[in-house]
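Close look at the chain arrangement
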Amino acid sequence: QQQVKQSPQSLIVQKGGISIINCAYENTAFDYFPWYQQFPGKGPALLIAIRPDVSEKKEGRFTISFNKSAKQFSLHIMDSQPGDSATYFCAASGDSGYALNFGKGTSLLVTP
Amino acid sequence: EAGVAQSPRYKIIEKRQSVAFWCNPISGHATLYWYQQILGQGPKLLIQFQNNGVVDDSQLPKDRFSAERLKGVDSTLKIQPAKLEDSAVYLCASSLGGGLSGNTIYFGEGSWLTVV
């Protein structure tokens, strides 16, 4: 069963715009929520991560917003660039084994 | 620092044949994972090792998939016999481990399998 639900499936944003990807989870044992970026032919790479004790984390143009009561979190990419075009995965861990449970991914295309 | 190494990068086999993938994790990483990524989907955990012991293999199709991590370092994932639905990218990943949530998990570039 899909433990982390991600939307939208695909997203097209103009250069300079804001890209927003949303995720939701059910398992209250989850306590670590990373976002991974994957380029074609490459493995996923950690972009940014958050724990539920904070509501927001910002690293450069990337921000995670976290809503513990709603069990939702989102990735915001400010000033989106063509080089940001990739597939983004949200994930969660914290239950048995601490392995990552991934969403289905969002394919982002930033047009010039 | 060297990343997670995987081989082969690409493999095409016929259904019912066997295939093996090899992974060398980042030096010092105690935890090793194998994930299956079907085209257009997120990675799905197949098996997790802590040193050379299995932590979680609940989603590994054990009638055809097997994995081992001898000496707590390298790992091999085997599929025998392969089915068409096994066509996917097999991602190896590693982390420092220690049973802590939040250890960064680093992925290799994957082994692409096509079963025809």
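Before any of the text, the structure's been laid out above.
Residues numbered from 1 in each chain as written. Chains lettered and ligands numbered in written order. Predicted model: local features only at pLDDT ≥ 70, side-chain atom pairs only at ≥ 80, totals over all residues. Heavy atoms only, no water.

The helix and strand inventory of chain B stands at 0 helices and 11 strands. The C-alpha atoms of chain B give 13 Å as radius of gyration, which agrees with the globular expectation for 116 residues (13 Å, within 12%). Projected onto its principal axes, the C-alpha coordinates of chain B cover approximately 40 × 25 × 25 Å. Burial analysis of chain B (116 residues in total) assigns 46% to the buried set. Expressed as a percentage of contacts within chain B between residues at least 6 apart in sequence, the contacts between residues at least 24 apart total 53%. Within the structure as shown, chain B displays about 5700 Å² of accessible surface, and the carbon and sulfur contribution to it stands at 51%. Here chain B contributes 11 positively and 10 negatively charged side chains, and the mean placements of these two sets differ by 5 Å. (Helix = DSSP H or I, 4+ residues; strand = E, 2+ residues; numbered from the N terminus. Rg over C-alpha atoms; globule rule 2.2 N^0.38 Å. Buried < 20%, exposed > 50% of the residue type's maximum accessible area, 1.4 Å probe, protein only. Contact = heavy atoms within 4.5 Å. Areas by Shrake-Rupley, 256 points an atom, 1.4 Å probe, with all protein chains shown as cover. Lys, Arg positive; Asp, Glu negative; His and termini not counted. Charge placed at Lys NZ, Arg CZ, Asp CG, Glu CD.)

Glancing now at the state of the cysteines. By definition, a disulfide is the covalent link that joins the sulfur atoms of two cysteine residues. Applying the stated criterion across every chain yields a total of 2 disulfides over all chains. There is a disulfide in this structure between Cys23(A) and Cys90(A), and the S-S distance comes to 1.8 Å. Here Cys23(A) and Cys90(A) share a disulfide; its torsion about the S-S bond, -90°, makes the bridge left-handed. Taken together, the positions of Cys23(A) in strand β3 (residues 19–25) and Cys90(A) in strand β9 (residues 86–92) put the pair 67 residues apart, joining distant regions of the chain. In this structure, Cys23(A) and Cys90(A) share a single accessibility class: buried. Here Cys23(B) is linked by a disulfide to Cys92(B), with a sulfur-sulfur distance of 1.8 Å. Between Cys23(B) and Cys92(B) the disulfide shows an S-S torsion of about -70°. By sign, it is left-handed. (Disulfide = S-S within 2.5 Å.)

Considering all chains together, one arrives at 18 aromatic pairs over all chains under this definition. Judged by centre distance (6.2 Å) and plane angle (50°), the rings of Tyr25(A) and Phe30(A) are tilted. One exposure class covers both Tyr25(A) and Phe30(A), and it is buried. Ring geometry for Phe65(B) and Tyr90(B): centres 6.3 Å apart, planes at 45°, overall tilted. Separated by 25 residues along the polypeptide, Phe65(B) in strand β7 (residues 65–68) and Tyr90(B) in strand β9 (residues 88–95) bring together distant segments of the chain. (Phe/Tyr/Trp six-rings, centres within 6.5 Å; stacked < 30°, edge-to-face > 60°.)

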